[in-house]
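Chain and residue survey
Below are the chains, spelled out letter by letter.
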Amino acid sequence: MHNFFVKSHGLGNDYIVLNQDEIGFELTEDAIRRICDVHFGIGSDGILLKVPTFHANFGLRILNPDGSEAEKSGNGLRIFAKYLHDYQFAKSRKFTIETPGGLVQAEIIKEKNGKAKTVRVDMGKAIFSSTKIPVNCEKEECIDETLHLEYRDYPVNCVSMGNPHCVIFTENLDEKEVKTFGPQIETNPFFPNRINVQFVKVISPTEVEAMIWERGAGWTLASGSSSCAVAAVAVKKGLVQKCLTVKMPGGSLQIETDEHWNMRMTGEVSEIASGVLSRELLAELS
Ligand SMILES: N[C@H](CCC[C@H](N)C(=O)O)C(=O)O
């Protein structure tokens, strides 16, 4: 079906899935922004675009609502894996997906009424090298460094999951603080490609609580790559065990860190709706 879309969420972090072979329009930055707009479009935290690949079972591009492209998305990968399973692209419950941030392996762990419900993704390695994140830090690794903002400083810990992350530990999680300083950190020149920001409170050696400000998307209810970033930094700083629950406003993910910093994420996904993009909407896209 032409211009067929599926909208799904992972812990309230929602995405629209499109198949490049089935859309009859160019996915320009303007089209992305329009489709993701909650009033002039369908509304979502981004677009997952199924694309051809020779290097994996399936290919994926991840587009933020501001029109920028991301290298990786954890909730996005679980949603995409569910789409591949539920719409019969995938012939097995385990398959590989190529993203701009590297190749991952996805597995359908649990089904409900024949539809994928719980998905596990081996998200690749957490990378701490400043130059690979990238972050303009003189040190080889940007751990416990100070980021100077206009009105305050933050102790930051940076890591890449393919996409870049800045993890800040705090005793008091405050949504207003995240929404005030998240955008200032996201766009700070310390981060050449901008950055995803997480404020994290350690609850116990097996649980942390996090609030998220996403690069190119802003405040979201959950983030899979952010959860992996938070877990990797917390393990590296000796704050938590290697099997960790990351609790976010939209729900919790299970994150496992192995001895080589390979990150495994497990969590639920749900479909919200499916349908066809209206001709009127498409006619207005530049
Ligand atoms: N906005 C992120 C991509 C989506 C990450 C998040 N939705 C996830 O589940 O990992 C970035 O520009 O790197």
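Starting from 1, residues in each chain are numbered consecutively following that chain's sequence as written. Given that this is a predicted model, residues contribute local features only at a pLDDT of at least 70 and side-chain atom pairs are listed and counted only at 80 or more, while totals for whole chains, interfaces and linings are drawn from all residues. Excluding hydrogens and water, the side-chain figures rest on all heavy atoms present in the structure.

With that out of the way, let us pick up the UniProt feature "binding site: substrate" (unreviewed entry) in the chain. UniProt positions are given in the numbering used here, feature names are shortened, and annotations may be inferred rather than shown by experiment. According to UniProt, the "binding site: substrate" (unreviewed entry) feature falls on Asn13, Asn64, Gly74, Asn75, Asn163, Asn196, Glu214, Arg215, Gly224 and Ser225. Elements are defined by DSSP. Helices are runs of H or I of four residues or more, strands are runs of E of two residues or more, and each kind is numbered from the N terminus. Within the secondary structure, Gly74 sits in helix H2 (residues 74-86). If we ignore the near neighbours within four places in the chain, the residues touching Gly74 are Met123, Gly224, Ser225 and Met265. Mapped onto the secondary structure, Asn163 falls in the loop between strand E10 (153-160) and strand E11 (164-169). Excluding residues that lie within four positions of it along the chain, Asn163 makes contacts with Glu71, Lys72, Asn196, Arg215 and Ser225. In what follows, a contact means two residues having at least one pair of non-hydrogen atoms within 4.5 Å.

On to the nonpolar core. Within soluble globular proteins, side chains that are nonpolar generally end up buried alongside one another. Definition used in this section: a nonpolar core is a set of buried Ala, Val, Leu, Ile, Met, Phe, Trp, Tyr and Cys residues joined via side-chain atoms within 4.5 Å. Note on exposure labels: buried denotes an accessible area under 20% of the residue type's maximum, exposed denotes more than 50%, and partly exposed covers the range between, all computed with a 1.4 Å probe on protein chains only. The biggest cluster of nonpolar side chains holds 54 residues, and the ones touching the most others in it are Phe80, Phe95 and Ile97. In terms of residues, this core owes the most to one element, helix H4 (residues 224-236), which gives 8 residues. A domain-level breakdown of this core finds at least three residues from each of domain 1 (4-122 + 269-285) and domain 2 (145-260). Contact partners of Phe95, with chain neighbours within four places excluded, come to Asn57, Phe58, Ala81, Leu84, Ala90, Val104, Gln105, Ala106 and Ile108. Of all hydrophobic cores here, the second largest spans 22 residues; its members include Leu149, Ile168, Phe191 and Trp219. Each domain's extent was defined by an automatic or database domain assignment.

Here Asp45 lies in the loop between helix H1 (29-36) and strand E3 (47-51). A positive count includes Lys and Arg, and a negative count includes Asp and Glu. His and the chain ends are not counted in either. Between Lys or Arg on one side and Asp or Glu on the other, a salt bridge is scored when a side-chain nitrogen of the former is within 4 Å of a carboxyl oxygen of the latter. One buried charged side chain, Asp45, makes no salt bridge at all; its nearest oppositely charged neighbour is Lys7, positioned 8.2 Å away. Counting of polar contacts relies on pairs of N or O atoms within 3.5 Å, with two restrictions inside protein: one atom must be capable of donating a hydrogen and the other of accepting it, and residues adjacent in sequence are counted only when both atoms are side-chain atoms. Of note is the side chain of Asp45, whose polar atom sits 2.8 Å from the side chain of Asn13. Setting aside its immediate chain neighbours within four residues, Asp45 contacts Gly12, Asn13, Asp14, Tyr15, Pro65, Ala217 and Thr220.

All right, on to the pairing of strand E8 (residues 115-125) then. By definition, two strands form a pair when at least two bridges between them are found by DSSP. As paired strands, strand E7 (residues 102-112) and E8 are joined by 7 bridges and run antiparallel to one another. Among the inter-strand pairings, Gln105 is bridged to a residue of E8, identified as Asp122. Linkage of E7 to E8, two consecutive antiparallel strands, is achieved through a turn of 2 residues, within which Asn113 is found at a positive phi near 55°. In this structure, E8 lies alongside strand E17 (residues 262-268), joined through 7 bridges in antiparallel fashion. If you follow Gly124 over to E17, its bridge partner there is Met263.

A separate point is the environment of Asp122. Its location among the elements puts Asp122 in strand E8. Of the residues examined, Asp122 reaches a relative accessible area of 24% and is grouped as partly exposed. Taking the C-alpha atoms as reference, Asp122 lies 7.4 Å from Asn262; in sequence the two are 140 residues apart. In this structure, Asp122 is in contact with Val104, Gln105, Met263 and Arg264, ignoring residues within four places of it in sequence.

Here we come to the domain arrangement of the chain. Considered domain by domain, the chain is made up of domain 1 (4-122 + 269-285) and domain 2 (145-260). Between domain 1 and domain 2, the C-alpha centre-to-centre distance is 23 Å. Counting from both sides, the interface comprises 17 residues of domain 1 and, opposite them, 20 residues of domain 2. For the pair domain 1 and domain 2, the summed buried area comes to about 1,300 Å², and 44% of that belongs to carbon and sulfur atoms. Per-residue buried area on domain 1 facing domain 2 is highest for Leu11, Glu71 and Lys72; these three make up 41% of the total on that side. Summed over the shared surface of domain 1 and domain 2, the result is 2 salt bridges. With a closest N to O distance of 2.5 Å, Arg215 and Glu71 form a salt bridge. Our enumeration of links across domain 1 and domain 2 arrives at 8 residue pairs in polar contact (both at pLDDT 80 or more). Where the side of domain 1 that touches domain 2 is concerned, the elements lending two or more residues are strand E5 (69-70) and H2. Considering every element that reaches the side of domain 1 that touches domain 2, the biggest residue donor is H2, with 3 residues. Note on residue categories: nonpolar means Ala, Val, Leu, Ile, Met, Phe, Trp, Tyr, Cys or Pro, charged means Asp, Glu, Lys or Arg, and polar means any other residue, Gly included. For the side of domain 1 that touches domain 2, the residue count by class is 3 nonpolar, 8 polar and 6 charged. The term buried area refers to how much accessible surface (probe radius 1.4 Å) is lost by two components on association, counted for both of them together.

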